[in-house]
Amino acid sequence: MSTETVDTDTGPARITWHPAREARLVLAAGHGAGGGIEARDLHVLARTLPARGITVALVEQPWRVAGKKVAPAPKTLDTGWRGVWPALARPGLPVISGGRSAGARVACRTAVELGAHAVLALSFPLHPPGRPERSRAGELLGAGVPTLVVQGGNDPFGRPEEFPTGDFELVEVPHADHGLAVPRRADLTQEQALDLIAARVAGWALSLG
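Now for a look at the structure at hand. This structure is a prediction, so every number in the text was calculated from the model and none was measured.

How each quantity is defined
Residues numbered from 1 in each chain as written. Predicted model: local features only at pLDDT ≥ 70, side-chain atom pairs only at ≥ 80, totals over all residues. Heavy atoms only, no water. Salt bridge = Lys/Arg side-chain N within 4 Å of Asp/Glu carboxyl O. Helix = DSSP H or I, 4+ residues; strand = E, 2+ residues; numbered from the N terminus. Buried < 20%, exposed > 50% of the residue type's maximum accessible area, 1.4 Å probe, protein only. Phe/Tyr/Trp six-rings, centres within 6.5 Å; stacked < 30°, edge-to-face > 60°.

Quick notes on the pattern of salt bridges
For step 1, the next point in the chain: A full pass over the atoms with the stated rule returns eleven salt bridges.
For step 2, the next point in the chain: Across the salt bridge formed by Arg14 and Glu60, the nearest N and O atoms sit 2.9 Å from each other. Linking Arg14 in strand E2 (residues 11-18) with Glu60 in strand E4 (residues 54-60), this pair joins segments that are 46 residues apart in sequence.
For step 3, the next point in the chain: The exposure class assigned to Arg14 is partly exposed, which follows from its relative accessible area of 26%.
For step 4, the next point in the chain: Using a relative accessible area of 10% as the deciding quantity, one classes Glu60 as buried.
For step 5, the next point in the chain: Between Arg159 and Glu162 there is a salt bridge whose closest N-O contact spans 3.7 Å.

Remarks on the packing of aromatic side chains
For step 1, the next point in the chain: Evaluation of the coordinates by the stated rule reveals two aromatic pairs.
For step 2, the next point in the chain: Three or more aromatic residues joined by ring pairs make a cluster, and in this case those are Phe124, Phe163 and Phe168.

Okay, structure coming up:
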C-alpha cells in the first residue's frame, strides 16, 4: 500500500494505492459525501481485489483531505475527480471509475469524458430519502460505459426495485442499508454481505475484457 497526494484545481487530493502484483485493471473508487475511504465496501474491495489482478486506488477528494465536514457542489466534486485521473491512468491499464454514493454519481457523470473502461456504482443515491420524484436516474443511465450498481435491499436512497431498466447490471445486497450494513436479524452476516460484494465486483470487472 502507498499513498500519494495529487494537486487538482480544487486543492490536493489523496490516492491510496493497493497494487496487484500482476495487475490487469485499475479500480478507482471515491467516497461519499458523509464519509471517507474507510467505508466497509471500499475497504473490502481494497483488501481482496489485488489478489485477483485488480489494483485498487481509493481516492479522497480535496474537501476531505482539507478536513472539511461538508461536501461541495457536484461540479466541484467532478473537477476534483478530473484532477486525479491522470495519476489513476498512469499505470497504463484500463481504469474502472467508481465510488460510493456521491462518488458513484461523480463516476457516472465523468466516465465518457475521462475515457473510463467502466463504472462501478456502490450505493447509487437514486433519490434523496423519501423524495422519489427527485430522481437521479439520468446520471446513471447516461454513464455511457458498462456499469455495475451494487445496492442495498433497504437503501432509503433507492431500493433495487425502484431502479429503471437500463444498460447497467444491478447486484442487490439483501437487507443492506445505504452503507451496505446488514441488520443482525438478517439471514446473512455482515461478513457474508461483504464477501458477496467483493466476489460480484471482481467477477464483473474481470469479465469486461
